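Listed below, chain by chain, are the residues.
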Amino acid sequence: MAGLVVRFRGRCPLRPPGSLLDSRPEAFAAVGGFIASSFSSRCCTATPQSMVLRAPPVKPWPVGSVRSYHKFAKPDSPNLDALRKVITEKLTPVHFYLRNNLIFTNWVYDMHFVGIICSPKFEGKSHKEMNAMVDACAEEVGMGGRVRCICQPPSRWHMMRRRSRHRWDFDR
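Residues numbered from 1 in each chain as written. Predicted model: local features only at pLDDT ≥ 70, side-chain atom pairs only at ≥ 80, totals over all residues. Heavy atoms only, no water.

Broken down by element type, the chain carries four helices and five strands. When the elements of the chain are put in sequence order from the N terminus, they spell out β-α-β-α-β-β-α-β-α. With 172 residues in all, the chain has 29% of them scored as buried. In the chain, the share of contacts with a sequence separation of at least 24, taken over all contacts with a separation of at least 6, comes to 60%. With the model as given, the accessible surface of the chain reaches about 12,100 Å², and the carbon-plus-sulfur share is 57%. (Helix = DSSP H or I, 4+ residues; strand = E, 2+ residues; numbered from the N terminus. Buried < 20%, exposed > 50% of the residue type's maximum accessible area, 1.4 Å probe, protein only. Contact = heavy atoms within 4.5 Å. Areas by Shrake-Rupley, 256 points an atom, 1.4 Å probe, with all protein chains shown as cover.)

Pasting the structure below:
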């Protein structure tokens, strides 16, 4: 590793006046200087000496000091996958997301779900009828009463447009 060569005339600036520091390179390195050349016993007073000053070695970042995250693999979720499949086949949604309900934490993972559905089959139906259609799909999988969905027909897309911007697919 090439270093920076500095030449001093007169008194050595690394040695304060009147100090009893040893003029050997090992002593200067022990004090904290980064000196990698040899000194004469007079410490740069008689003739100009060349000293090589080197930067401290670059160490890699410690593991905890770098901002990063670890994304864990999604655990098995057969109920969620079955619900997505049944709702997609039965209701043929235009816009559809379904995920685990995180209010119940991970102790009941793959048991409670929340979602958003925009299906043409909801046209002209009340909210009770739309929710009954979704609950019928959930009953086929055995998850009746565990699915909460925001349901709208495509003609009322403007009512759920802002909700669709939310990150619904973060578990993939």
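Okay, back to it.
This part takes up the pairing of strand S5 (residues 147-152). Pairing between strand S4 (residues 113-118) and S5: six bridges, direction parallel. The partner of cysteine 118 across the bridge, within S5, is glutamine 152. Assessed by its sense of winding, the connection that carries the chain from S4 through helix H3 (residues 127-141) to S5 is right-handed. (Pairing = 2+ DSSP bridges. Right-handed = clockwise from strand over helix to strand, strands pointing away.)

All right, on to the pattern of salt bridges then. The full count for this structure, using the stated rule, is one salt bridge. Among the salt bridges present, the one from glutamate 140 reaches lysine 90, with a minimum N-O distance of 3.4 Å. Taken as a pair, glutamate 140 in helix H3 and lysine 90 in helix H2 (residues 78-91) lie far apart in primary sequence, 50 residues in all. The partly exposed category is assigned to lysine 90, whose relative accessible area is 39%. (Salt bridge = Lys/Arg side-chain N within 4 Å of Asp/Glu carboxyl O.)

Looking at where methionine 111 falls in the secondary structure, it is placed in the loop between strand S3 (95-100) and S4. As a C-alpha pair, methionine 111 and proline 78 span 33 residues in sequence and 9.9 Å in three-dimensional space.

Further remarks concern empty space enclosed by the protein. Overall, the coordinates contain one cavity of 30 Å³ or more when judged by the stated rule. Here the largest cavity is characterised by a volume of approximately 40 Å³. Partitioned by chemical class, the residues of the lining of the largest cavity number three nonpolar, five polar and one charged. (1 Å grid on protein atoms, 1.4 Å probe; cavity = no way out; pocket = protein on both sides within 12 Å on 5 of 7 lines; lining within 4 Å. Points joined across faces, edges and corners; volume = space filled by probe spheres on them. Nonpolar A, V, L, I, M, F, W, Y, C, P; charged D, E, K, R; others polar.)

In this section: the confidence of the model for the chain. Considering every residue of the chain, the mean pLDDT works out to 75; 57% of them sit at 70 or more. Looking at the elements of the chain, mean pLDDT is at its lowest for helix H1 (residues 25-31), recorded as 47, and at its highest for H3, recorded as 96. Here residues 20-24 is modelled with pLDDT under 50, and outside its nearest four sequence neighbours on either side it reaches 11 contacts, counting other chains as well. pLDDT under 50 marks residues 26-49. Its contacts with residues more than four places away, or in other chains, come to 47 contacts. (pLDDT = per-residue confidence, 0-100.)

Packed helices, taken two at a time, are described by the angle their axes make and the gap between the axes. It is at 9 Å that the axes of H2 and H3 come closest, and there the two elements cross at 130°. Judged by the angle between their axes, H2 and H3 are oblique. Where H2 crosses over H3, the two elements pack in a sense that is right-handed. Across the interface between the two elements, Asn79, Ala82, Leu83, Val86, Ile87, Lys90 and Leu91 from H2 touch Met133, Val134, Cys137, Ala138, Glu140 and Val141 from H3. When its residues are assigned to classes, the contact of H2 with H3 shows 10 nonpolar, one polar and two charged. (Axes fitted to C-alpha atoms, helices over the stretch in contact; angles between N-to-C directions. Parallel < 35°, antiparallel > 145°, perpendicular 65-115°, else oblique. Left-handed = near helix turned anticlockwise from the far one by under 90°.)

On to H3. With 15 residues, H3 ought to run about 21 Å at 1.5 Å a step, and its terminal C-alpha atoms sit 22 Å apart, in line with that. All buried positions along H3 are accounted for by Met130, Val134, Cys137 and Ala138. Projection of H3 onto a plane perpendicular to its axis shows the buried side chains occupying an angular sector of 100°, all on one side. Those residues of H3 that are exposed and aimed more than 90 degrees away from the buried face are Lys128 and Glu139. Elements in contact with the buried residues of H3: H2, S4 and S5. Downstream of H3 by one or two residues, glycine 142 has phi in the positive range, about 95°. (Expected span 1.5 Å × (residues − 1). Arc of directions from axis to C-beta.)

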